[in-house]
Amino acid sequence: MSVEFYNNNAEEFFNNTVNADMSATYSLFEENLCDIDGEILDLGCGSGRDAKHFIDKGYKVTALDLSPVLAAKASKYIGQQVIVGDMKDLDYNDKFIGIWACASLLHLTEDEVLETIKRCHKALKKDGVLYASFKYGENNYEKDGRNFTCFTRDKILNLIEGLDFYYRATFETGDVRPGRENEKWLNVILKKG
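These numbers come from a predicted model, not from an experiment. (Residues numbered from 1 in each chain as written. Predicted model: local features only at pLDDT ≥ 70, side-chain atom pairs only at ≥ 80, totals over all residues. Heavy atoms only, no water.)

**Some points on the pattern of salt bridges**
By the definition in use, this model includes 11 salt bridges. A salt bridge links aspartate 56 to lysine 52, with the shortest nitrogen-to-oxygen separation between them at 3.0 Å. Taken together, the residues span about one helical turn, with aspartate 56 and lysine 52 both in helix α4 (residues 49–56) at a distance of four residues. The closest approach of N and O atoms between lysine 135 and glutamate 183, which form a salt bridge, is 2.5 Å. (Salt bridge = Lys/Arg side-chain N within 4 Å of Asp/Glu carboxyl O. Helix = DSSP H or I, 4+ residues; strand = E, 2+ residues; numbered from the N terminus.)

Encoded structure:
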């Protein structure tokens, strides 16, 4: 279970991710948001790095993470309670202008990714934006007790074909954490129809 990895390695994970520079991706996400006064869901918030960025920008943020240990650290960091819960159980309706799922959906199976994206669609307001990132590649793998579901542009677009998202952008980036620049990520921005 991925959650055990994060519970057991929360301090190291927090320290390795909290200062990673996501500014370029934040800009792409934010320029697609339709309402500055709306609420953003940080789905699988990890260290709270991204939730804190959005809070500092003036957005109302709901943050959720499956790891209670990491959620406690993130709660302290962002200055508000992080919900401990499973993203597969997401149950909101027409609530968020944006959902940020940075390196979190990748721990689900492909079927679970699709079902969770459907739940995200339901949770978004009309014109709401979903951002997600995955390890780039065709082949899924397991490492340190964590499952990684990888995607290429074609693989993710085939998965979500038929869902009511009218805007789609995909782009590749290197990992922003020091020493991991050679790791490639597929980033996806979808807009609800």
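**Describing the nonpolar core**
Within soluble globular proteins, side chains that are nonpolar generally end up buried alongside one another. In this structure, Leu43, Ile99, Leu105, Ile117, Leu130, Phe134 and Ile156 are the most contacted members of the largest nonpolar core, which totals 32 residues. Elements supplying a minimum of two residues to this core: β1 (39–43), β4 (96–101), α6 (110–123), β5 (124–135), α7 (153–160) and β9 (184–192). A total of five residues in this core trace back to one element, the largest contributor, which is α6. For isoleucine 99, the residues in contact, after removing those within four places along its chain, are Phe29, Leu41, Leu43, Cys120, Ala123, Leu124, Val129, Leu130 and Tyr131. Membership of the second largest hydrophobic core comes to 22 residues, among which are Met22, Ala74, Ile78 and Cys102. (Core = buried A, V, L, I, M, F, W, Y, C linked by side-chain atoms within 4.5 Å. Buried < 20%, exposed > 50% of the residue type's maximum accessible area, 1.4 Å probe, protein only. Contact = heavy atoms within 4.5 Å.)

**Digging into the packing of α6 against α7**
Look at α6 against α7: their axes get within 10 Å of each other, and the N-to-C directions meet at 60°. The angle between the axes of α6 and α7 places the two elements in the oblique class. Our pair here, α6 against α7, has a crossing hand that is right-handed. Side by side, α6 and α7 meet where Glu110, Val113, Leu114 and Ile117 of the first sit next to Lys155, Leu159 and Ile160 of the second. In terms of residue class, the contact of α6 with α7 is built from five nonpolar, no polar and two charged. (Axes fitted to C-alpha atoms, helices over the stretch in contact; angles between N-to-C directions. Parallel < 35°, antiparallel > 145°, perpendicular 65-115°, else oblique. Left-handed = near helix turned anticlockwise from the far one by under 90°. Nonpolar A, V, L, I, M, F, W, Y, C, P; charged D, E, K, R; others polar.)

**Quick look at α4**
Three or four residues apart is the spacing at which side chains of an α-helix point the same way, because the helix has 3.6 residues per turn. Among all positions of α4, only Arg49, Asp50, Ala51 and Phe54 are buried. Elements that come into contact with the buried residues of α4 comprise α2 (10–17), α3 (23–31), β1, β2 (60–65), α5 (68–78) and β4. Directly beyond the C-terminal end of α4, a positive phi value near 100° is found at glycine 58.

**Here's the deal with the sheet that holds β9**
In space, the seven strands of this open sheet follow the order β3-β2-β1-β4-β5-β9-β8, with mixed pairing throughout. At either margin of the open sheet sits one strand with a lone partner, and together these are β3 (83–84) and β8 (165–174). Across the face of the sheet, α3 comes into contact with β1, β4, β5, β8 and β9 while running at roughly 155° to β4. Those strands touched by α4 are β1, β2 and β4, and its axis lies near 170° from that of β2. (Pairing = 2+ DSSP bridges.)

**Concerning the packing of aromatic side chains**
Counted by the stated rule, this structure contains 10 aromatic pairs. Between tyrosine 26 and tryptophan 100, the aromatic rings sit 5.3 Å apart at their centres with planes inclined by 45°, giving tilted as the arrangement. Of this pair, tyrosine 26 sits in helix α3 while tryptophan 100 is found in strand β4, placing the two residues 74 residues apart along the sequence. Per residue, the accessibility class of tyrosine 26 equals that of tryptophan 100, and both read buried. Here the aromatic rings of tyrosine 141 and phenylalanine 148 are separated by 4.9 Å at their centres, their planes lie at 15°, and the arrangement is stacked. (Phe/Tyr/Trp six-rings, centres within 6.5 Å; stacked < 30°, edge-to-face > 60°.)

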